[in-house]
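Listed below are the residues making up each chain.
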Amino acid sequence: MHYRPHRLLVAGILGLAIGASLYAAWHAAHGARTPRGAGDRVDWAAVLGDMPDQGFVRPSGPWRLDLPGDHGTHPGSRTESWLVTAHLRNDGGERIGVQLAVLRAALVAPDAPKRASAWAARDVYRAHVTLVSEARGRAAGEERFSRAALGLAGHDAAQRRIWLEDWSIRYGEGERGEQLRIEAGLGDTAVELVLTPTKAAVASNTDGNGAPFRGFALTRLVAEGTVRGPDGHQPVSGFAWLDHLWGEIPLPVGPVVWDRLQLHLDDGSDVSLVRTRRRGGSGAPSAGGYRVDAGGGVERLESASTVLEPIGTWRGAGRDTLYPLHWQVRAPALELRIAPLVEEQSHDFSATIWSGLVTAQGHARGRRVSGAGYLELTGYESR
């Protein structure tokens, strides 16, 4: 199934692979000083000017998705991101949310001469993992950076593996080569999940006439695995969503930021919505997205008839940032209320974000539905 979303909608698919952090990693790899602006914040616009911008392939023209190969890296692209979100339950029915985001950024152009040193790296990787549970009542998260050298991070096409230290995404597994496996640890907790798609991938910009990047989403994967912690192994199961983009990926460092919602509903449908707005609140926000029905059919949710509206806010203890955590969704044959599983799911990564597990209640096509998924909020940090 192929689908060409609106250009700004595709930008939202980037999700939690926060692009600002890759520039910090580039400077660290090159021993350079990171420019800073007011309030000791990183001046990402200045750092962007130091990144290589010549010699990369700018995706254009028609293309066809080729899996499992397209799960791996696309070396001609300047940036590339993978995002996996999963909402799970253990045997006791407790909800658990897991997120693994990986971002690859090129340090040199594809045609740059190779260096003999084992320390030489052509790419830098940034990743984060978050974990939230009802029992804990708040989310934990960790962010990492590494050069693709000395086995610290990278992509191995033969092993079909993308990794940063002991965090990894494996693909092309199972009898039909369509399964994925993620492994990630956070403190004294480790997560391993096997992901099996139940619907065809939704590929973006297949005619090549839109944005200068490509990608796809596997919107509904059955997730099964374990969460290992101090109290032993917990079998878990649920659903996951995968996004993968490559090319000239839009990054949340400019005047336009977004709120992004992904949901699995119990009628078998999946919903992706992005609300774009100007940083600072000027202008009118615009929302749009797509819905994938139980059979895999894709319906576009046009911005003219789609509303993603905040209806309740939260400010964490000791924080200056006010996040809208309760939302109302209105679209053709769809009306939902969104609420966070727990409120404290903000993360002080290189770019501060709120990103976490939410629940949904409402109606779809005249029938009552409920569901769960992930909400990402960017551009709310205090200035």
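Because the structure is a prediction, the values reported are computed rather than measured.

Asks: Whenever I open this one, the overall build of the chain confuses me. Can you help?
Replies: Within the chain, the secondary structure is distributed over three helices and 22 strands. By the burial criterion, 55% of the 383 residues in the chain qualify as buried. Expressed as a percentage of contacts within the chain between residues at least 6 apart in sequence, the contacts between residues at least 24 apart total 58%. Accessible surface computed for the chain: about 16,100 Å², of which carbon and sulfur atoms make up 47%.

Asks: Whenever I open this one, the pairing of strand β8 (residues 179-186) confuses me. Can you help?
Replies: Along any regular strand, the residues point their side chains to alternate faces of the sheet. In this sheet, β8 lies alongside strand β7 (residues 167-173) in antiparallel orientation, the contact comprising five bridges. Its bridge partner being in β8, I169 is matched across the sheet by I182. Across seven bridges, β8 lies against strand β9 (residues 189-197) in antiparallel orientation. Its bridge partner being in β9, E183 is matched across the sheet by E192. What sits between β8 and β9 in their antiparallel hairpin is a turn of two residues, with G187 showing a positive phi close to 65 degrees.

Asks: Can you help me understand the packing of aromatic side chains in this one?
Replies: Each pair of aromatic rings is reported with the distance of its centres and the angle of its planes. All told, the structure shown has four aromatic pairs when counted by the stated rule. On the basis of an interplanar angle of 80 degrees and a centroid distance of 5.7 Å, the ring pair of W63 and W246 is categorised as edge-to-face. Here the residue W63 occupies a position in the loop between α3 (44-48) and β1 (79-90), and W246 occupies one in strand β12 (residues 232-247), the gap between them amounting to 183 residues. For W63, a relative accessible area of 10% corresponds to the buried category. Judged by centre distance (6.4 Å) and plane angle (20 degrees), the ring pair of W314 and Y323 falls under stacked. Exposure remark for W314: the relative accessible area of 11% places this residue in the buried category. Above the ring of F239, the side-chain terminus of R220 is found at 4.9 Å from the ring centroid.

Asks: So what exactly am I meant to see when it comes to unusual backbone geometry here?
Replies: Glycine aside, residues mostly have negative phi angles, and peptide bonds mostly take the trans form. Here the amide bond leading from L67 into P68 is cis, since omega sits at 15 degrees, within 30 degrees of zero. Mapped onto the elements of the fold, P68 is located in the loop between α3 and β1. A positive phi angle is found at R160, which is not glycine, with a value near 55 degrees. Assignment of secondary structure puts R160 in the loop between β5 (153-156) and β6 (161-164). In this structure, A333 is a non-glycine residue whose phi angle is positive, near 60 degrees. Looking at the element boundaries, A333 is found in the loop between β18 (323-331) and β19 (334-340). Given the relative accessible area of 41%, A333 is considered partly exposed.

Asks: Before we go on, may I ask you to explain the pattern of salt bridges in this structure?
Replies: Oppositely charged side chains may form a pair once their charged atoms are brought near each other. Under the definition given, this model contains 21 salt bridges. As a salt-bridge pair, E299 and R291 come within 2.9 Å of each other at their nearest N and O atoms. The structure contains a network of salt bridges with shared partners spanning E142, R144, E165 and D166.

The rules behind the values
Residues numbered from 1 in each chain as written. Predicted model: local features only at pLDDT ≥ 70, side-chain atom pairs only at ≥ 80, totals over all residues. Heavy atoms only, no water. Helix = DSSP H or I, 4+ residues; strand = E, 2+ residues; numbered from the N terminus. Buried < 20%, exposed > 50% of the residue type's maximum accessible area, 1.4 Å probe, protein only. Contact = heavy atoms within 4.5 Å. Areas by Shrake-Rupley, 256 points an atom, 1.4 Å probe, with all protein chains shown as cover. Pairing = 2+ DSSP bridges. Phe/Tyr/Trp six-rings, centres within 6.5 Å; stacked < 30°, edge-to-face > 60°. Lys NZ or Arg CZ within 6 Å of the ring centre and 35° of its normal. Salt bridge = Lys/Arg side-chain N within 4 Å of Asp/Glu carboxyl O.

Bear in mind that shape data such as this cannot, by itself, settle questions of function.
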